[in-house]
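Letter by letter, the chains look like this.
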Amino acid sequence: MDPDRIPRSFPAPSFRGAQEQALSDIRDAFAAGNDVVLVRAPTGSGKSLLARSIAGAAATIEEVAPADATDAYYTTPQVSQLDDVAADPLLDDLSVIRGKSNYTCILNGETDTPVDRAPCARQAGFDCTVRHRCPYFSDRAIASNRRVAAMTLAYFMQTAGSEVFRKRDVVVIDEAHGLAEWAEMYATVDLNPRTVPVWDEIGVPDVAAGGDTLERTVRFAETLAGVCERAKDELLRKPELTPEEAARRDRLQELRSELQWFVDDYRNPESPTTWVVDQPDGEGSAITIKPLDPARYLHHTVWDRGNRFALLSATILSKAAFCRGVGLDPANVALVDVEHTFPVENRPLYDVTRGKMTYDRRDETLPKVARTLVRVMAEHDDEKGLVHCHSYAIQSELRRRLAELGLGGRVRAHDREDRDAALESWKATDEPDVFLSVKMEEALDLSGDLCRWQVVCKAPYLNTSDSRVARRLDDGQWAWYRRAALRTVIQACGRVVRAPDDYGATYLADSSLLDLFERTRGDMPAWFREQVDRLSTPELPPFDQVAAGGRSGSGGSPGGRRSSRGRSSARGRKRSGRSGSTTGGSTSGSSETGQTSGADDEQSNHPLSDVWGDG
């Protein structure tokens, strides 16, 4: 790697914001001998352009010995982020490769068949006459020979050990803040009727019965791996498979590999991985095998794939904690902070809290949040808005209540199956519709009039019923727990302000968010802390569903839109109240407009008081 090439490799005709200084700092960090550089760059700072600049510093075949690594990888966990890279003309020299299922076969009669189910995947010894034109193998060949190969993190990890995608000199990981969590997810083994093709052929024991749960799970995993191997071999003996049989064969092989990895890692006395097992319904029911801090898994799938690494994100909150979670030595890691150049007044936070949205308080608080949302919709009657619902249960209840108030025609939502289609439909409309989203806090670009305001309904604490979360909390890892929630909030706040001249308001509806800010202030990037310091209580219009774009009475679609009042409250309406305060939000106020505080119950001082029974 030649760090001096980093600034010269910038692909845009000119720098904007803090990009030039950021590249200089990144160059210096690598030049100082660091193997890994963490780049904490806020939303809208052009991380993809920074990533391309870093990739441009990778060694070339002319500069090193034939056996040495050259060139670069760009990878991101987010499919949408890879789509953005593929569509950016400034990044057209990044060669994008996706998994086989994203390509269709070009043979006659197979043009609707994904490549992973094509004749070459179904027939033994099949000689494809058009393989050189196959869209998948063509893209793979191009990406394997270009200076920068771009792929999702899932594909990157799956190709570990590949002869085609060998070790490279530089690896750039965008949106890297959740690297440990993504690794845990990829290394998790889910055993249930949907994921285990031979489920009906095996007896699933109660692994928690009679002693060491992990040891019993390992023995079952070894047995199941053997069954998978035999079932796969039976399919391989057939001269030709149907697409369904090909899918079964591939899943059997994948499952066997997952089980073998778990068994080998558990048996390895030097492995740092701690495994936890969930089987809540006992004998015959689904089993989930989960790793904690899978550093060994990351070494195989990520750290062994390059010489130097750049990890970019807006929300790598603690260098030491991040390194600990992904198995890096902090002594070989540098942290570069990129300045936020968007005016803080364009990205205000507003306190409209109406109480806690924890599981045990939600029935009391959610109706107040729904009525407050009506007032926010009236404030932004001519502008599109996004509501971060946190869960489908909250989304469903909000949608029902808004429909009963006559606002169903202005409200959109999605389910698990139509997320992308519903989102794109909402983005395409010119109407000031409100989109009730679930788990869309990341990798969503809502610049300009695509969205001018958003509501965070609930502090996004991780589910305490997850065995990995519970295990860490039992070990006292409360700082990690709160940082995970803060990270999601910061990511959510970055969805609606995407450029220096963009503007958008973020409303906080859960009083637990105020407590989160107070407890994690030291972990906040300076630019987000500045936003929190300016937190204020807005002057919202009175509750009026007609003013919010609905009609009086219940049900139905809106009777018409109000005329535009002009610019959004984020820039226009004067605010008053508790500017700069991060405490004192409403917990159980009885009035719609007031913020009277109520006494917490006997659980208030418990460490789980803000997430009790959360789901």
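Below or above, wherever it landed, is the structure these notes cover. (Residues numbered from 1 in each chain as written. Predicted model: local features only at pLDDT ≥ 70, side-chain atom pairs only at ≥ 80, totals over all residues. Heavy atoms only, no water.)

1. Some points on unusual backbone geometry
1) Next: One non-glycine residue, Glu175, lies in positive phi territory at about 50°.
2) Next: With phi around 55°, Lys439 is a residue other than glycine that occupies positive phi space.

2. Remarks on the packing of helix 9 (residues 213-236) against helix 10 (residues 243-267)
1) Next: The N-to-C vectors of helix 9 and helix 10 enclose an angle of 150°; their axes lie 8 Å apart at closest approach. It follows from the interaxial angle that helix 9 and helix 10 lie roughly antiparallel. Between helix 9 and helix 10 lies a crossing of left-handed hand.
2) Next: Classifying every residue of the contact of helix 9 with helix 10 gives 15 nonpolar, two polar and nine charged. (Axes fitted to C-alpha atoms, helices over the stretch in contact; angles between N-to-C directions. Helix = DSSP H or I, 4+ residues; strand = E, 2+ residues; numbered from the N terminus. Parallel < 35°, antiparallel > 145°, perpendicular 65-115°, else oblique. Left-handed = near helix turned anticlockwise from the far one by under 90°. Nonpolar A, V, L, I, M, F, W, Y, C, P; charged D, E, K, R; others polar.)

3. Structural notes on the sheet that holds strand 12 (residues 385-388)
1) Next: Judged by pairing direction, the sheet is parallel, and its six strands sit side by side in the order 11-16-15-12-14-13 without closing on themselves. Strands with a single pairing partner mark the edges of an open sheet, and in this sheet they are strand 11 (349-351) and strand 13 (411-413). Sheet twist, expressed as the mean angle between neighbouring strand axes with direction ignored, is 20°.
2) Next: Across four bridges, strand 15 (residues 453-456) lies against strand 16 (residues 505-508) in parallel orientation. Across the sheet, Trp453 pairs through a bridge with Ala505, a residue of strand 16. (Pairing = 2+ DSSP bridges.)

4. Considering the pattern of salt bridges
1) Next: This structure, assessed with the given rule, holds 42 salt bridges.
2) Next: We note a salt bridge from Lys290 to Asp278, for which the minimum N-O separation is 3.0 Å. Placement of Lys290 in strand 8 (residues 287-292) and of Asp278 in strand 7 (residues 274-278) is noted, with a sequence separation of 12 residues between them.
3) Next: Overlapping salt bridges, with partners in common, bring together Glu184, Asp278, Lys290, Asp466, Arg468 and Arg472 in one network. (Salt bridge = Lys/Arg side-chain N within 4 Å of Asp/Glu carboxyl O.)

5. Remarks on the sheet that holds strand 7
1) Next: Strand order in the open sheet formed by three strands is 6-8-7, with antiparallel pairing between adjacent strands. Each edge of the sheet is formed by a strand with only one pairing partner; in this case those strands are strand 6 (189-191) and strand 7. Adjacent strand axes in the sheet meet at a mean angle of 15° when their direction is disregarded.
2) Next: Where helix 8 (residues 179-187) meets the sheet, its contacts fall on strand 6, strand 7 and strand 8, and the angle it forms with strand 8 comes to roughly 145°.
3) Next: Taken strand by strand, helix 9 contacts strand 6, strand 7 and strand 8, and its axis lies near 80° from that of strand 7. (Contact = heavy atoms within 4.5 Å.)

6. Some remarks on helix 19 (residues 526-533)
1) Next: Burial in helix 19 covers these residues: Trp527, Phe528, Gln531 and Val532. Buried residues along helix 19 cover an arc of 145° about the axis, so they all sit on one side. (Buried < 20%, exposed > 50% of the residue type's maximum accessible area, 1.4 Å probe, protein only. Arc of directions from axis to C-beta.)

7. What to know about the packing of aromatic side chains
To describe a pair of aromatic rings, you give the distance between the ring centres and the angle between the ring planes.
1) Next: Applying the stated criterion to the full structure yields 18 aromatic pairs.
2) Next: Taking 5.0 Å as the distance between ring centres and 80° as the angle between the ring planes, the aromatic pair formed by Trp303 and Phe309 counts as edge-to-face. With respect to class, Trp303 is no different from Phe309; both count as buried.
3) Next: Consider the rings of Trp426 and Phe435, whose centres lie 5.2 Å apart with planes at 15°: the pair is stacked.
4) Next: What makes Phe435 buried here is its relative accessible area of 0%.
5) Next: Grouping aromatic residues by their ring pairs yields a cluster made of Tyr73, Tyr155, Phe156 and Phe165. (Phe/Tyr/Trp six-rings, centres within 6.5 Å; stacked < 30°, edge-to-face > 60°.)

8. Here we look at empty space enclosed by the protein
1) Next: In the structure shown here, the tally under the stated rule is five cavities of 30 Å³ or more.
2) Next: Its boundaries defined by the atoms lining it, the largest cavity holds a volume of some 100 Å³.
3) Next: Lining the largest cavity are 13 residues, with Cys105, Ala118, Cys120, Cys128 and Cys134 sitting closest to its centre.
4) Next: In terms of residue class, the lining of the largest cavity is made up of 12 nonpolar, no polar and one charged.
5) Next: Roughly 80 Å³ of internal volume is contained in the second largest cavity.
6) Next: Around the second largest cavity, the lining residues are Thr43, His340, Phe342, Arg347, Ile490, Cys493, Gly494, Val497, Trp527 and Gln531. (1 Å grid on protein atoms, 1.4 Å probe; cavity = no way out; pocket = protein on both sides within 12 Å on 5 of 7 lines; lining within 4 Å. Points joined across faces, edges and corners; volume = space filled by probe spheres on them.)

9. Considerations on the side chain of Asn34
1) Next: Relative to the assigned elements, Asn34 resides in the loop between helix 2 (19-31) and strand 1 (36-40).
2) Next: Polar side-chain contacts of Asn34 include one of 2.8 Å to the backbone oxygen of Ala29.
3) Next: Residues within four places of Asn34 in sequence aside, it is in contact with Ala29, Arg308, Ala331, Asn332, Val333 and Ala334. (Polar contact = N/O pair within 3.5 Å; in protein donor to acceptor, adjacent residues only side chain to side chain.)

10. Observations regarding the layout of surface pockets
1) Next: In this model, the second largest pocket occupies a volume close to 1700 Å³.
2) Next: Every residue lining the second largest pocket is counted, 40 residues in all, and those nearest its centre are Ala154, Gln158, Asp250, Glu254 and Glu258.
3) Next: When residues of the lining of the second largest pocket are traced back to their parent elements, those giving at least two are helix 4 (79-87), helix 6 (135-145), helix 7 (153-158), helix 8, strand 6, helix 10 and helix 11 (295-301).
4) Next: The element best represented in the lining of the second largest pocket is helix 10, accounting for eight residues.
5) Next: Of the residues in the lining of the second largest pocket, the class split is 16 nonpolar, 13 polar and 11 charged.

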